[in-house]
Amino acid sequence: MAGKIPDLNAKVRAGTGKGAARQARREGDVPGIVYGGGADPQSISIPFNYLLTKLRKGGFMSTLHNLKIEGQEDVRVICRGVQRDVVKDLPTHIDLMRLKRTSRVNIFIPVEFLNADTCPGVKKGGVLTVVRNEVELNVLAGDIPEHIEIDLGDVQIGDTISISDVTLPEGATPAITDRDFVIANVQAPRALLADDEEEGEDVAADEVPTAGDEAAAEE
């Protein structure tokens, strides 16, 4: 099931070139361009504070957006570049690429853990450690899943859940293909780990012979 795609509000920018871009900035907007998707490039502008808020939330470059421009049909876009002021590090220009529903795109999808309250490892005192709250997947732009699910119903202490252990939605594949990365694991409680370490130290100490033991052994 496709998740809700966030809106990105913009307006048509009159004129092109550096002069029109500077005028947009004077008016409190960030100039930009939309290209691709079998249509001509279009100059746009986005309110500065509105765009800055979205950028600061994180994940903007990998998030599919529903571009809304008054008087035009909505179109799905993904950001392909944000130019920033070299001193203030604030956005000065944005590049957006149109995507067809059949286009494939890398996008971060949230991870939802099921049966955490009945997880055997957790009930025995283990600690669920989430390494990734979201996973980057390669998906169809027209069929973006809301989340991926990981069932903890049979997970024991010491178990590790990697991406290869997860049943992904149809048509989705991991964006990272060169390694089987970890998503979560259930670790033993710290007290138990500390006890194991102390026991190991005691055993090691018992195994070290004293000078008296060595002399007795020689006799």
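Quick notes on the rules
Residues numbered from 1 in each chain as written. Predicted model: local features only at pLDDT ≥ 70, side-chain atom pairs only at ≥ 80, totals over all residues. Heavy atoms only, no water. Helix = DSSP H or I, 4+ residues; strand = E, 2+ residues; numbered from the N terminus. Buried < 20%, exposed > 50% of the residue type's maximum accessible area, 1.4 Å probe, protein only. Areas by Shrake-Rupley, 256 points an atom, 1.4 Å probe, with all protein chains shown as cover. Core = buried A, V, L, I, M, F, W, Y, C linked by side-chain atoms within 4.5 Å. Domains from an automatic or database assignment. Contact = heavy atoms within 4.5 Å. Pairing = 2+ DSSP bridges. Axes fitted to C-alpha atoms, helices over the stretch in contact; angles between N-to-C directions. Phe/Tyr/Trp six-rings, centres within 6.5 Å; stacked < 30°, edge-to-face > 60°. Lys NZ or Arg CZ within 6 Å of the ring centre and 35° of its normal.

Draft legend 1. Looking closely at the overall build of the protein. For the protein, the count of helices and strands is 5 helices and 13 strands. Taking all 219 residues of the protein together, the buried fraction comes to 33%. When the accessible surface of the protein is summed, it comes to about 13,300 Å², and 49% of that surface belongs to carbon and sulfur atoms.

Draft legend 2. Highlighting the nonpolar core. Of all hydrophobic cores here, the largest spans 26 residues; its most connected members are Leu 64, Val 135, Leu 137, Ile 148 and Ile 183. Contributing elements (two or more residues each) for this core: β7 (104–114), β9 (134–140), β10 (148–151) and β13 (182–187). At 4 residues, the largest contribution of residues to this core is made by β7. For this core, the two domains that each supply at least three residues are domain 1 (7–99) and domain 2 (105–196). Beyond its immediate stretch of four places on either side in the chain, Ile 183 contacts Val 111, Phe 113, Thr 129, Val 130, Val 131, Arg 132, Val 135, Ile 150, Ile 161, Ser 162, Ile 163 and Val 166. Leu 8, Phe 60, Cys 79 and Leu 96 belong to the second largest nonpolar core, which has 15 residues in total.

Draft legend 3. Focus on the pairing of strand β1 (residues 7–12). With 4 bridges joining them, β1 and strand β4 (residues 64–69) adopt parallel strand pairing. Across the sheet, the residue bridging to Ala 10 is Ile 69, located in β4. The sheet contact formed by β1 and strand β3 (residues 42–47) spans 2 bridges and is antiparallel. Across the sheet, Lys 11 pairs through a bridge with Ser 45, a residue of β3.

Draft legend 4. Spatial organisation of the sheet that holds β3. Strand order around the closed barrel formed by 6 strands is β1-β3-β2-β6-β5-β4, with mixed pairing between neighbours. For this sheet the average axis-to-axis angle between neighbouring strands, irrespective of direction, equals 45°. Against the sheet, helix α1 (residues 17–26) makes contact with β2 (29–35), β3 and β6 (91–98), and its axis sits at roughly 135° relative to β2, the strand it touches most. Helix-sheet contacts for helix α2 (residues 48–56) involve β1, β2, β3, β4, β5 (75–84) and β6, and the interaxial angle to β3 is about 80°.

Draft legend 5. Structural context of the packing of aromatic side chains. One pass over the structure, following the stated rule, counts 0 aromatic pairs. In this arrangement the basic side chain of Arg 132 is found over the ring face of Phe 181, its NZ or CZ atom lying 4.2 Å from the centre.

Draft legend 6. Looking closely at unusual backbone geometry. Its identity is not glycine, yet Asp 89 carries a phi of approximately 60°, on the positive side. As for its placement among the helices and strands, Asp 89 is situated in the loop between β5 and β6. Note on Asp 89: relative accessible area 47%, which makes it partly exposed. One non-glycine residue, Asn 115, lies in the positive phi region at around 60°. Position of Asn 115 among the secondary structure elements: in the loop between β7 and α3 (120–123).

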